[in-house]
Amino acid sequence: MDRLISFDGVGELLGLPFVQNAFLAAAVLGLVAGALAPLIVARGMGFAVHGTAELAFTGGAAALLAGISVSVGAVVGAAIAGLVFGLLGLRQRERDSVIGVVLAFGLGLGVLLLALYDGRAANKFGLLTGSIVSVDSGNIAVLVGVTVVVLAVLAVIYRPLLFASADPDVAVARGVPVRMLSPLFAVLVALTTALAVPIVGAILVLSVTIIPGAAAARVTASPVRATILAVAIAELSLLGGTLLSLAPGLPISGYVATLAFLSYLVCRVVGRRRGAVRAT
Amino acid sequence: MNGGVNNAAMTPAVSLRGASVRFGARQLWDGLDLDVRPGEFLAVLGPNGSGKTTLLRVLLGLQPLVAGEVLVGGAPARRGGGGIGYVPQQKALPEDLPLRAADLVGLGLDGHRWGLGLGGRRARRERVAAALESVGATRYANEPVGRLSGGEQQRLRVAQALVGDPSVLLCDEPLLSLDLANQRVVSALIDARRRTADTAVVFVTHEINPVLPLVDRILYLVGGRFRIGTPDEVMTSATLSELYGTDVEVLRVRNRLVVVGAEDQHAHHAEAQLAEPTIGGEAAWTA
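Predicted model, so just to flag it, every value in this text is computed and none were measured. Position labels on residues start from 1 in each chain and follow its written sequence. A letter from A marks each chain and a number from 1 marks each ligand, given out in the order of writing. pLDDT decides what is reported in this predicted model: residues at 70 or higher carry local features, side-chain atom pairs at 80 or more are listed and counted, and totals for whole chains, interfaces and linings draw on all residues regardless. Note that the side-chain values use all heavy atoms of the structure and ignore hydrogens as well as water.

Working definition: helices are DSSP H or I runs of at least four residues, strands are E runs of at least two. Numbering for both runs from the N terminus. Summing up its helical and strand segments, chain A has 13 helices and zero strands in all. Each helix and strand of chain A, placed in order from N terminus to C terminus, yields the pattern α-α-α-α-α-α-α-α-α-α-α-α-α. The atom set for the radius of gyration is the C-alpha atoms, and the globule formula is 2.2 Å times the number of residues raised to the power 0.38. Taken against the 2.2 N^0.38 rule, which gives 19 Å for 280 residues, the C-alpha radius of gyration of chain A at 19 Å falls within 12% of a compact globule. Its C-alpha atoms give chain A principal-axis dimensions of roughly 55 × 45 × 30 Å. Residues counted as buried form 52% of the 280 residues belonging to chain A. Throughout, a residue-residue contact means that at least one pair of heavy atoms, one from each residue, lies within 4.5 Å. Across chain A, every contact between residues at least 6 apart in sequence was considered, and the portion connecting residues at least 24 apart equals 77%. Accessible surface, chain A: about 11800 Å² in total, of which carbon and sulfur atoms supply 72%. Both charge centroids of chain A, one from 17 positive and one from 11 negative side chains, sit 14 Å from each other. Buried, partly exposed and exposed residues are distinguished by accessible area as a fraction of the type maximum, computed with a 1.4 Å probe on protein chains only: under 20%, between the cut-offs, and over 50%, respectively. A 1.4 Å probe and the Shrake-Rupley method give the accessible areas. Residues count as covered only by the protein chains that appear here. Only four residue types enter the charge count: Lys and Arg as positive, Asp and Glu as negative, with His and the chain ends excluded. Just so you know, the charge point we use is NZ for Lys, CZ for Arg, CG for Asp and CD for Glu.

What follows is the structure, encoded as structure tokens:
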């Protein structure tokens, strides 16, 4: 337990620039992931996000082998996956099977590419489980830039997107371009996923892009409140996870996922109590 | 009914002239002339695949005509054009959908607009509250929509369609899968709207009886042929036999119409119900 939970020397660590960068990255990622999470949940895109994350991993691994920036590789891989999944259309069952096929191939390819790479092992592992301390100021600039773009686009398309997600038939009747919004939102999700992969790792992207939205949906049906709550949960998980991981020097993803999961459990319990009150 | 002749009554709410729709080689209907007056209740009947939902798509500007023209409120129908309310089939919403009843109705007001819509929140709230009130849904305004009953959800659908103050109300089987009591409630709400606000109603249905007392005219579509007229003119053995091209008998049993001889089409209809193309569905695109 001492190895998992420890605050030895955290005071000094907090003074270091790379640690401050890590907190800044976590805060920015929490904002964008939390803002998207309720819509990802409402659109039933959990599996698509997972598939996108695995292809971001493939892209990152390919970039590592080619000797170019891992972030660029991750963004390219995620964007391709997002577009493919977004263009697949609206049929849930078909979408799921195609995502499964692409995900499995992408993950296999990524593992192969990593095996061929004979650089530092920390880089290899970082893609799968994340390593926030590797975030430097250049990455921060990309992170902030992409977050601003994603949030700006989200602000413009928010209402039609909510309409299209919750009520597609009536949205089409009212002239909402449902077919255009689907790939557009998939690209926003892909960009966010690509930002999250170096930080929390490909296999745990869901902990910041799904859990906050799923938890918020348990306690409120108000889209605005759900978004605020999801951002709060994502921030709590990411900032808390970063803090907890400092002294033990372990990957942050385990801490982030655990905090997000605990938030989800709390929201379930609160939601159940409220549901019971409403039913009586 | 529209005794006071005024200007609004002179311009048809909906007008089709020589309208034709074709999917590839298949002619759906051809040369359709139809005017729907403000405040008129038009029922659209016919077996599956006769182009009932396609007619709604034409009016919504989602389906182009191969010939003829279509005017809604005097202007050519276009995608996202104003003045139209749309009531879909009752379809169970997911229980965990993060949306309250008032949010669903609010989407009918401004869900098609870009941006966050931070201005005019107060006026918006008042309009949504008024729409909820008009369908008797105030009590569950803040409940998650997915946890409401089918009847409650369908009242919200009516409020959602009316909140934008439309001059034309398009209804696509809005009573399907509702019980009798809720069928009455929903059709009474639609009827009240057209009487108080002169909203024209185009009501697609496969079952005429629940709305028979409300219907002014019927558009009956069968395999490319169609007939327009009052229920007494259209719902006769002679007219339906001609439309179906086979012996069809229409019986009046207490205030209900029973159509005998078109059962094949109806049986096929019931079977295909689940695959009914919706306004935006995949099927409607490829049909």
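Structure shown, so let's carry the discussion forward.
So, about the UniProt feature "transmembrane region" (unreviewed entry) in chain A. All names here are of chain A. UniProt positions are given in the numbering used here, feature names are shortened, and annotations may be inferred rather than shown by experiment. According to UniProt, the "transmembrane region" (unreviewed entry) feature falls on residues 22-41, 62-85, 97-117, 138-158, 184-214 and 252-271. Between the first and last C-alpha atoms of residues 22-41 the distance is 27 Å; the span itself is 100% helix and 0% strand. The distance from the first to the last C-alpha atom of residues 184-214 is 22 Å, and the span holds 81% helix and 0% strand.

The feature "domain: ABC transporter" (unreviewed entry), as annotated in UniProt, sits at residues 14-248 of chain B in this numbering. Secondary structure across residues 14-248 of chain B comprises 32% helix and 25% strand; the distance between its end C-alpha atoms is 31 Å.

Each residue carries a pLDDT value, the predictor's own confidence for that position, ranging from 0 to 100. Mean pLDDT over chain A works out to 87, with 93% of the residues at or above the 70 mark. Here helix α6 (residues 121-129) of chain A stands out as the least confident element of chain A, with mean pLDDT 68; helix α12 (residues 223-246) of chain A is the most confident, with 95.

Let's shift gears to the packing of helix α2 (residues 17-42) of chain A against α12 of chain A. All names here are of chain A. Axis lines are fitted through C-alpha atoms, for helices just across the contact stretch, and the angle between N-to-C directions can take any value from 0 to 180 degrees. Closest axis-to-axis distance for the α2/α12 pair is 7 Å, and the angle between their directions is 155°. Compared by their axis directions, α2 and α12 come out roughly antiparallel. In the packing of α2 onto α12, the handedness of the crossing is right-handed. Here α2 contributes Val19, Ala22, Phe23, Ala26, Ala27, Leu29, Gly30, Leu31, Gly34, Ala35, Ala37 and Pro38 to the contact with α12, which in turn contributes Ala226, Thr227, Ala230, Val231, Ala234, Glu235, Leu238, Leu239, Thr242, Leu243 and Leu246. Residue type decides the class: Asp, Glu, Lys and Arg count as charged, Ala, Val, Leu, Ile, Met, Phe, Trp, Tyr, Cys and Pro as nonpolar, and the leftover types, Gly among them, as polar. For the contact of α2 with α12, a count of residues per class yields 18 nonpolar, four polar and one charged. For classification purposes, angles smaller than 35 degrees are called roughly parallel, those larger than 145 roughly antiparallel, those between 65 and 115 roughly perpendicular, and all remaining angles oblique. Crossing handedness is defined as follows: a turn of the near helix away from the far one that is anticlockwise and smaller than a right angle gives a left-handed crossing, while the clockwise case is right-handed.

In this section: the pairing of strand β11 (residues 249-253) of chain B. Looking along a regular strand, one sees the side chains alternate between the two faces of the sheet. Residues and elements named next belong to chain B. What makes two strands pair is DSSP finding at least two bridges between them. Where β11 meets strand β12 (residues 256-260), five bridges bridge the pair, whose relative direction is antiparallel. Paired with Arg252 across the two strands is Leu257, which belongs to β12. Two successive antiparallel strands, β11 and β12, enclose a turn made up of two residues, where Arg254 displays a positive phi of approximately 45°.

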